[in-house]
Amino acid sequence: MPNNAALAVGLGLGAVLLTLPSGDFHLEDWGFAKRLVLCVAAGVTVLVLVRLHRLLFQPLELLRTPEDVGYIAEDGRTKARAANEARRRRKVGELPPVYPNGWYRVLDSHMLGRGEVRSAYILGQQLVVFRGHDGKAHVLDAYCPHLGANLAVGGRVLGNCIECPFHGWQYRGSDGKCEKIPYSDKVPEFAQVRRWPSCEVNQQVLIWFHCDGLEPQWSVPEQPEVANGQWVYRGRTEHFINCHIQEIPENGADIAHLGHLHTPGLPSGVDLRYTNSKTWEFVRHDWKVEWDPEPEPNSHCSQMRVNHSLTLFGCRLPLLDLRVVARQVGPGVVFLRFDHSFLGRGLMMHCVTPVEPLLQCVTHTMFYQRNIPAVVPKFILKGESIQFERDVMIWNNKMYISKPLLVKEDAAVRRHRRWFSQFYSQNSPQLEYRRDTLDF
Ligand SMILES: *[C@@H]1O[C@H](CO)[C@@H](O)[C@H](O)[C@H]1NC(C)=O
Ligand code: FES
Ligand SMILES: [Fe+2]
């Protein structure tokens, strides 16, 4: 319920109270000022209760717009202008291919009911996503090969096909073949739209991209605690980041940045100009990290193991120690498992999906033990998003360095680059041009 609706309900309740005389207590004897105070008090109480209920029980949904986070808007410029300029003026560097082969998140399963159609813009492509009446989700190229209408704009689900809004041709979700042309008795053999291999795991719809059109070479594992309902949805965050996709997973192998960028406590905020201010210096995070690829047959996976502890005035608080194992599965999906001595266990699914060559959509979706109050995983998710937004401010403004100047303590960065290069192949798309403007 939005805040002003809650306030209105409260005020209404207060107003009703005013008209109800009861027993010895006659409201009509009260002066106008007293009644008004009572009325406002009732309104405020309801508002506080609604907010408290939301805080304790509702999922956290933090959806940032592309220019929201990680740019410096000074001298009266708007955030959108600052974001445009940062993007246009930044030196790009010598980039690896822009779309690695792998699985990428499209949307959350609950956003796509049976018979529903959604448009998606991913990997620089217009796609149509729909759920057939048998419950299966399908992803096809959005443009109808007949005369080019966008199937996601007014297309209709008929059985397990999608019907084009322009002349009514019908395409099968399972393979993209045209099944019916309503005004013609013959359907040409080659009438077909491209179908993207897709799957649905952990309440997300994912698509497979391979530059040579190969079918999936590995799969994204279902997480048993999510599948069997032991761990439940507690919220998600969404960010758009202006950088090459590889920069984001590389963060996991960049051990040294944790001890610098992520050391200031959460109250220090996300704006890197102020995170080292003295006010909150007594809250520090301490990180112990290891990063390694997994052996065959899971060489497309890697693991980052993290021991996190919090120090207050230099004293470690062992009760707040948090262990995290972040398992990266291919270029676009990471499962972060949290294990805490008394705050319980849960899983955060971190997905990076390229929107365009240098624009990534990152989501964090939180699942946590059902019997732990939602406020705990929400706090962890919020904390993670604060730390993440510090990285965002770096990514949005940095250039890619193909031959970085590393010291021996940075060795994992080089190992990570070697590991990540398996997702590029001969024909992987390279950045061809730079758009001059970004219209958010
Ligand atoms: C984290 O702590 C556990 C137990 O205290 C230890 O076995 C493990 O090696 C530590 N991991 C790292 C990355 O330091
Ligand atoms: S453009 Fe799709 S049916 Fe004609
Ligand atoms: Fe980071």
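Cut-off values and rules
Residues numbered from 1 in each chain as written. Chains lettered and ligands numbered in written order. Predicted model: local features only at pLDDT ≥ 70, side-chain atom pairs only at ≥ 80, totals over all residues. Heavy atoms only, no water. Helix = DSSP H or I, 4+ residues; strand = E, 2+ residues; numbered from the N terminus. Buried < 20%, exposed > 50% of the residue type's maximum accessible area, 1.4 Å probe, protein only. Contact = heavy atoms within 4.5 Å. Areas by Shrake-Rupley, 256 points an atom, 1.4 Å probe, with all protein chains shown as cover. UniProt positions renumbered as here; feature names shortened; annotations may be inferred. Near = heavy atom within 4 Å. Nonpolar A, V, L, I, M, F, W, Y, C, P; charged D, E, K, R; others polar. Phe/Tyr/Trp six-rings, centres within 6.5 Å; stacked < 30°, edge-to-face > 60°. Donors = N, O, S within 2.8 Å, 3.2 Å for Na, K, Ca; no water. Domains from an automatic or database assignment. Salt bridge = Lys/Arg side-chain N within 4 Å of Asp/Glu carboxyl O. Pairing = 2+ DSSP bridges. Axes fitted to C-alpha atoms, helices over the stretch in contact; angles between N-to-C directions.

With that settled, consider the overall build of the chain. Within the chain, the regular secondary structure consists of eight helices and 20 strands. With the C-alpha coordinates of the chain rotated into their principal frame, the extents come out at 85 × 70 × 50 Å. Counting across all 440 residues of the chain, residues that qualify as buried make up 47%. Of the contacts formed within the chain by residues at least 6 apart in sequence, a portion of 60% connects residues at least 24 apart. Accessible surface, the chain: about 22100 Å² in total, of which carbon and sulfur atoms supply 57%.

The UniProt record annotates "transmembrane region" (unreviewed entry) at residues 32-50. Each end of residues 32-50 is marked by a C-alpha atom, and these two atoms are 27 Å apart; helix forms 100% of the span and strand 0%.

For ligand 1, the full set of nearby residues is Lys 288, Glu 290, Arg 305, Asn 307 and Arg 323. Contact with the protein chains hides 48% of the accessible area of ligand 1, taken as 360 Å² for the molecule alone. Contributions of two or more residues to the shell around ligand 1 are made by β14 (283-293) and β15 (301-312). Residue composition of the shell around ligand 1, by class: no nonpolar, one polar and four charged.

Overall, the coordinates contain 14 aromatic pairs when judged by the stated rule. Geometrically, the ring pair formed by Trp 218 and Phe 423 is edge-to-face, given 6.4 Å between the ring centres and 65 degrees between the ring planes. Placement of Trp 218 in the loop between β12 (204-209) and α4 (224-227) and of Phe 423 in the segment after α8 (411-420) is noted, with a sequence separation of 205 residues between them. Among the residues examined, Trp 218 registers a relative accessible area of 13% and is labelled buried.

Protein ligation of the iron ion (ligand 3) involves Asn 251 (OD1), His 257 (NE2), His 262 (NE2), Asp 391 (OD) and Asp 391 (OD), the donor distances falling in the range 2.1 to 2.3 Å. Look at where the donors of the iron ion (ligand 3) fall in the sequence and you get N-x5-H-x4-H-x128-D. Highlighted residues: Asn 251 in the loop between α5 (247-250) and α6 (255-258) and His 262 in the loop between α6 and β14, separated in sequence by 11 residues. The class for Asn 251 is buried, based on a relative accessible area of 15%. Among the residues examined, His 262 registers a relative accessible area of 4% and is labelled buried.

A few words on the domain arrangement of the chain. Once the domains are mapped, the chain shows domain 1 (2-47), domain 2 (61-70 + 79-94 + 221-423) and domain 3 (102-209). On a C-alpha basis, the centres of domain 1 and domain 2 stand 47 Å from each other.

A word on unusual backbone geometry. Following Glu 296, the chain continues to Pro 297 via a peptide bond in cis, the omega torsion being 0 degrees. By secondary structure assignment, the location of Pro 297 is in the loop between β14 and β15. Even without being glycine, Phe 313 reaches a positive phi, approximately 50 degrees. Looking at the element boundaries, Phe 313 is found in the loop between β15 and β16 (315-316).

Attention now moves to the UniProt feature "domain: Rieske" (unreviewed entry) in the chain. Mapped onto this numbering, the UniProt entry annotates "domain: Rieske" (unreviewed entry) at residues 103-207. Counting secondary structure, residues 103-207 comes out at 0% helix and 44% strand; the distance between its end C-alpha atoms is 5 Å.

Another point: helix α3 (residues 79-89). Those residues of α3 that sit buried are Ala 82, Ala 83, Asn 84, Glu 85, Ala 86 and Arg 87. In this structure, the buried residues of α3 make contact with β19 (344-356), β20 (359-369) and α7 (375-397).

The subject of this paragraph is the pattern of salt bridges. Counted by the stated rule, this structure contains 28 salt bridges. One salt bridge in this structure joins Arg 172 and Asp 175, with 2.9 Å as the shortest N-O distance. Looking at Asp 175, the relative accessible area reads 26%, which means it is partly exposed. The salt bridge involving Asp 321 is made with Arg 316; its shortest N-O contact spans 2.3 Å.

Next up on the list: the sheet that holds strand β11 (residues 198-201). Overall, antiparallel pairing links the three strands, which are arranged β2-β12-β11 in an open sheet. At either end of the open sheet lies a strand with only one pairing partner, and these are β2 (102-108) and β11. Averaged over all pairs of adjacent strands, the angle between their axes in this sheet comes to 30 degrees, without regard to strand direction.

Adjacent strands of a sheet pair through backbone hydrogen bonds, lying either parallel or antiparallel. Pairing is antiparallel across the open sheet formed by four strands, whose spatial order is β3-β4-β5-β10. Looking at the sheet topology across the chains shown, the edges are occupied by β3 (117-122) and β10 (195-196). Note that strand β5 (residues 137-141) and β10 share two bridges and pair antiparallel. Residue pairing across strands places Leu 140 opposite Arg 195, the latter belonging to β10.

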